[in-house]
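So you can see what is in the structure, the chains are spelled out below.
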Amino acid sequence: MLLNQSLKVIALTTLFWFSAMVLMFMSNDDFTRNSLEMLNAPLYHNDDYKFMHKVGVEPLKPINHDIKYPWQQKEGNISRHYKKNSGYLSSLSKKVGKLIHGSQRPVYDVSKLKEPDQYALGAMGKAAYLVSEEDKKLAQDHFSDHSFNWVLSDKLSLDRTLDDYRGARCKAKHNNYPEKLPTTSVIICFHKERLSVLLRTIHSVINRTPPQLLSEVIVVDDFSEDERLGKPLDEHVANMAKVKVIRNTKREGLVRARLRGARDATGDVLTFLDSHCEATPGWVEPLLARIAEDERNVVCPAIEVLNADTFAYQASSNAEQRGGFNWDLFFKWKGIPPAEQKLRKDDSDPIRTPTMAGGLFSIDRKYFFHIGSYDEEMDIWGGENLELSFRVWMCGGRLEIIPCSRVGHVFRKVTSPYKFPNGVDKTLSKNFNRLAEVWMDEYKELYYNKKPQNRNRDFGDITERKKLRERLKCHSFKWYLENVYPDIRMPELNPPAQGEVRNPESSMCLDSLGMKSGNKLGLYSCHGQGNNQYFVLSSHGEILWESENCVDNSKYNPGGSVELIPCHGMEGNQKWVHDKKSGTIKHEVSGQCLDRGASMESQNPVVNPCNGSPSQVWVFSRYKTE
């Protein structure tokens, strides 16, 4: 009798604690919570939280995971074929399994098995150096061949080891990714690349991507003429079952080369990499996991530096920047604004980015083609990254940087060795014009103001791209600026004056000199190409370069230097008054005039007492139209 009562107590106690565990797991399970919400369960909603509401995509989750935003339940036209919907028992069994067996997901990296020498040249991503004087001279004399130290690259192991550069939070997240992730096809396009750098890119992908997640590596040769990129490459990858080489019969450029690789791909996700990268341990799972949540997520790894001289992997402590652009339509890194930071509970969370650099990113394969892949009429490269960025956001997608995915990239030290068959200027103007005409609406005028020489240049037929925008029911560019990139500094569409600022007597123009010589404003022979010589006189009296930097004078003494520093919007030292009739540009606070300087070949303007001399006459190339 006593035994039976004891057994009943044990059974009831066990049932109680088992039920408590079930309820605990169910309360934390997304599928369960969604199901309860559909049954009108009393979950807390914060309907007043309107940040990014008009974007129609889910913001990064705040610290309080109980908050569910109304638009989180909305689905797009594309089915979420990776979203798990496995029911209570399946979800519970996985959680219990983790309790019993542990939650450690292995980090796949076989490079240490292939290159066991921990003191090998460049091992663990450390800086490497040439020893012999002969090698040093060869590297110096032929550095321009690839704009990185290819002599050193040839001496590094193709399987060189890299450290795990992820932070503690990212390493913890690695254990919580879904058990089943989509597969990926990695597409690497090249033209005139150094073979050793290309092969190290391929090896790093093979060595650090779990085999069950890697469908293939598609290597597209965009008509390279170097024989070392022919038979030697084919022979090297012959025994690499997942590597396929495709060769173009003529130079197509990055856009069409990538499209050829994408059309041959079989993976669920397309991952595009440049041909001079090295993937780090744990690089691919964060990208695939984010796309598994919603195939409209287009994701980029944190792009870190492989030093062009030493091939040292220069990791950052955390990703602190996101993508933006200048009005000449070149990509630009920007700081993360406070409103965005508040949506991230820690530095491992994704970063919403208005644009991407374009060289390294992952996208669902079906979604890529659904939203129009690339604009095939763009030549070589340039502008395709912004075109895809604008399109993703404006047409219902989302673009992010995933800090837990890290990939090293060789940033060429001097200039690109690639040639543009039709010339750089003509190629870029065609691409940028197509981008502006299809996607930027009335804001294309800000681009043409910055690049007046491009206004009447041919950009081909854009009929199909405009039909694509209409079919996808995309938002306006105004919507993009207001909702995705509200922190961009907007220039005036019709400012009082703009263009080059010329001193007629000397034919010298104000020039930012790329701000490479400190903050001093420079002078240079007028060239009419805009860029460093394109300035805007705002209606507030600011003289701006790149929309964010203002001509400033804080030294009121005669001969005082003039600087180019970030605009503060407070007028003061950054307010100037231009008299179109006399040509003077007067500093309002000091009462002095902008002066070319005594010499006709002065390199920096100064301020001097106004005296009406020719050195104080300035003419903008365009003035406000009424």
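These numbers were taken from a predicted model, which means no experiment stands behind them.

A few words on the overall build of the chain. What the chain contains, in helices and strands, is 18 helices and 25 strands. Carbon and sulfur atoms provide 54% of the accessible area of the chain, an area that totals close to 29400 Å².

A separate point is empty space enclosed by the protein. In this structure the tally under the stated criterion is four cavities of 30 Å³ or more. Estimates place the volume of the largest cavity at around 70 Å³. Lining the largest cavity, in full, are Phe 325, Asn 326, Trp 327, Lys 332, Lys 334, Tyr 485, Ile 488, Arg 489, Glu 546, Ser 547 and Glu 548. Class assignment of the residues belonging to the lining of the largest cavity gives a composition of four nonpolar, two polar and five charged.

Moving residue by residue along a regular strand, the side chains alternate between the two faces of the sheet. Within strand E6 (residues 297-306), eight of the ten residues are buried, which leaves the element mostly enclosed by the surrounding structure. Direction of pairing for E6 relative to strand E12 (residues 398-410): parallel, over a ladder of ten bridges. Residue pairing for E12: Val 305 is matched across the bridge by His 409. One ladder, built from two bridges, connects E6 with strand E7 (residues 313-314); its direction is antiparallel. Across the sheet, Val 305 pairs through a bridge with Gln 314, a residue of E7. Between E6 and the antiparallel strand that follows it, E7, lie six residues; Phe 311 among them carries a positive phi value of about 60°.

This paragraph deals with the packing of helix H15 (residues 424-439) against helix H17 (residues 463-471). Two numbers describe how H15 lies on H17: the axes approach to 10 Å, and their chain directions differ by 40°. Crossing of H15 over H17 shows right-handed handedness. Touching Arg 434, Glu 437, Val 438 and Trp 439 of H15 are Arg 465, Lys 466 and Arg 469, all from H17. Looking at the contact of H15 with H17, its residues break down into two nonpolar, no polar and five charged.

What follows is about H17. Residues that lie three or four places apart on an α-helix share one face, since the helix turns once every 3.6 residues. Considered for burial, the residues of H17 that qualify are Arg 465, Leu 468 and Arg 469. Taken around the axis of H17, the buried residues stretch over an arc of 100°, which confines them to a single face. Seen from the buried face of H17, the exposed residues on the opposite side, beyond 90 degrees, are Glu 464 and Glu 470. Against the buried residues of H17 lie helix H14 (384-394), H15 and helix H18 (477-483). Looking at the residues trailing H17, positive phi occurs at Lys 473, about 55°.

It is worth spelling out helix H8 (residues 195-208) at this point. The end-to-end C-alpha distance of H8, which contains 14 residues, comes to 20 Å, matching closely the 20 Å that a straight helix rising 1.5 Å per residue would cover. Along H8, 13 of the 14 residues are buried, which leaves the element largely enclosed by surrounding structure.

What follows is about unusual backbone geometry. Residue Leu 329 is not a glycine yet carries a positive backbone phi of 70°. Residue placement: Leu 329 occurs in the loop between strand E8 (321-325) and strand E9 (331-335). Of the residues examined, Leu 329 reaches a relative accessible area of 2% and is grouped as buried. Of note, Glu 546 is a non-glycine position whose phi angle comes to about 60°, a positive value. By the element assignment, Glu 546 lies in the loop between strand E17 (543-545) and strand E18 (549-552).

Tallying each qualifying case throughout the model produces 18 aromatic pairs. Look at Tyr 443 and Phe 477: their rings are 6.0 Å apart centre to centre, the planes differ by 55°, and that puts the pair in the tilted class. With Tyr 443 in the loop between H15 and helix H16 (444-450) and Phe 477 in helix H18, this pair connects stretches of sequence that are 34 residues apart. For Phe 477, a relative accessible area of 0% puts it in the buried group. Their ring planes at 25° and their centres at 5.2 Å tell us that Phe 477 and Tyr 480 sit as a pair that is stacked. One end of the pair, Phe 477, and the other, Tyr 480, are both in helix H18, three residues apart, so they sit about a helical turn from each other. As far as the burial class goes, Phe 477 and Tyr 480 line up, both buried. An aromatic cluster of at least three residues, connected via ring pairs, comprises Phe 325, Trp 327, Phe 390, Tyr 443, Phe 477, Tyr 480 and Tyr 485.

Along the chain, the position of Ala 123 falls in the loop between helix H4 (111-114) and helix H5 (133-141). Ala 123 gets classed as buried once you look at its relative accessible area, which sits at 6%. On a C-alpha basis, the gap between Ala 123 and Ser 157 in space is 8.3 Å, while along the polypeptide they are 34 residues apart. If near-sequence neighbours (up to four positions away) are discounted, Ala 123 is found in contact with Asp 117, Gln 118 and Thr 161.

With 60 residues, the main nonpolar core has Phe 325, Leu 329, Phe 361, Ile 363, Phe 390, Phe 477 and Tyr 480 as its most contacted residues. A domain split of this core shows at least three residues from each of domain 2 (140-410) and domain 3 (424-484). With residues near it in sequence (within four places) discarded, Phe 361 still touches Arg 258, Leu 270, Thr 271, Phe 272, Val 298, Val 299, Cys 300, Pro 301, Met 356, Tyr 374 and Leu 388. Val 219, Leu 233, Leu 273 and Leu 288 belong to the second-largest nonpolar core, a separate cluster that totals 36 residues.

On to the pattern of salt bridges, then. For the structure on display, the rule yields 48 salt bridges. Of the charged contacts in the structure, one is a salt bridge between Glu 278 and Arg 160, with a shortest N-O distance of 3.1 Å. In this pair, Glu 278 is assigned in strand E5 (residues 277-279) and Arg 160 in the loop between helix H6 (150-153) and helix H7 (168-174), connecting sequence segments 118 residues apart. By relative accessible area, which is 2% here, Arg 160 ends up buried. In this structure, Glu 482 and Lys 478 form a salt bridge, with 2.5 Å as the shortest nitrogen-oxygen distance. Of this pair, Glu 482 and Lys 478 both sit in helix H18, four residues apart, which is roughly one turn of that helix. Relative accessible area serves as the criterion here: at 47%, Glu 482 is assigned to the partly exposed category. Note on Lys 478: relative accessible area 38%, which makes it partly exposed. A single salt-bridge network, built from bridges that share partners, covers Glu 252, Arg 256, Asp 379 and Lys 430.

Here we take up the state of the cysteines. Following the criterion strictly, the structure yields five disulfides and no others. The disulfide partner of Cys 395 is Cys 474, and the S-S distance across this bridge is 1.9 Å. Between Cys 395 and Cys 474, the disulfide has an S-S torsion of 100° and is therefore right-handed. Linking Cys 395 in the loop between H14 and E12 with Cys 474 in the loop between H17 and H18, this pair joins segments that are 79 residues apart in sequence. Across the pair, Cys 474 and Cys 395 agree in class, each one buried. In this model Cys 550 forms its disulfide with Cys 567; the gap between the sulfur atoms is 2.1 Å. Disulfide Cys 550 to Cys 567: torsion about the S-S bond roughly 100°, handedness right-handed. Pair noted here: Cys 550 is in strand E18 and Cys 567 is in the loop between strand E20 (563-566) and strand E21 (576-578), with a separation of 17 residues, a long-range link. Across this residue pair, the class does not change: Cys 550 and Cys 567 are buried. Shown here for the chain is a disulfide pattern of 1-3, 2-4, 5-6, 7-8, 9-10, where each number marks a bonded cysteine counted in sequence order.

Conventions and cut-offs
Residues numbered from 1 in each chain as written. Predicted model: local features only at pLDDT ≥ 70, side-chain atom pairs only at ≥ 80, totals over all residues. Heavy atoms only, no water. Helix = DSSP H or I, 4+ residues; strand = E, 2+ residues; numbered from the N terminus. Areas by Shrake-Rupley, 256 points an atom, 1.4 Å probe, with all protein chains shown as cover. 1 Å grid on protein atoms, 1.4 Å probe; cavity = no way out; pocket = protein on both sides within 12 Å on 5 of 7 lines; lining within 4 Å. Points joined across faces, edges and corners; volume = space filled by probe spheres on them. Nonpolar A, V, L, I, M, F, W, Y, C, P; charged D, E, K, R; others polar. Buried < 20%, exposed > 50% of the residue type's maximum accessible area, 1.4 Å probe, protein only. Pairing = 2+ DSSP bridges. Axes fitted to C-alpha atoms, helices over the stretch in contact; angles between N-to-C directions. Left-handed = near helix turned anticlockwise from the far one by under 90°. Contact = heavy atoms within 4.5 Å. Arc of directions from axis to C-beta. Expected span 1.5 Å × (residues − 1). Phe/Tyr/Trp six-rings, centres within 6.5 Å; stacked < 30°, edge-to-face > 60°. Core = buried A, V, L, I, M, F, W, Y, C linked by side-chain atoms within 4.5 Å. Domains from an automatic or database assignment. Salt bridge = Lys/Arg side-chain N within 4 Å of Asp/Glu carboxyl O. Disulfide = S-S within 2.5 Å.

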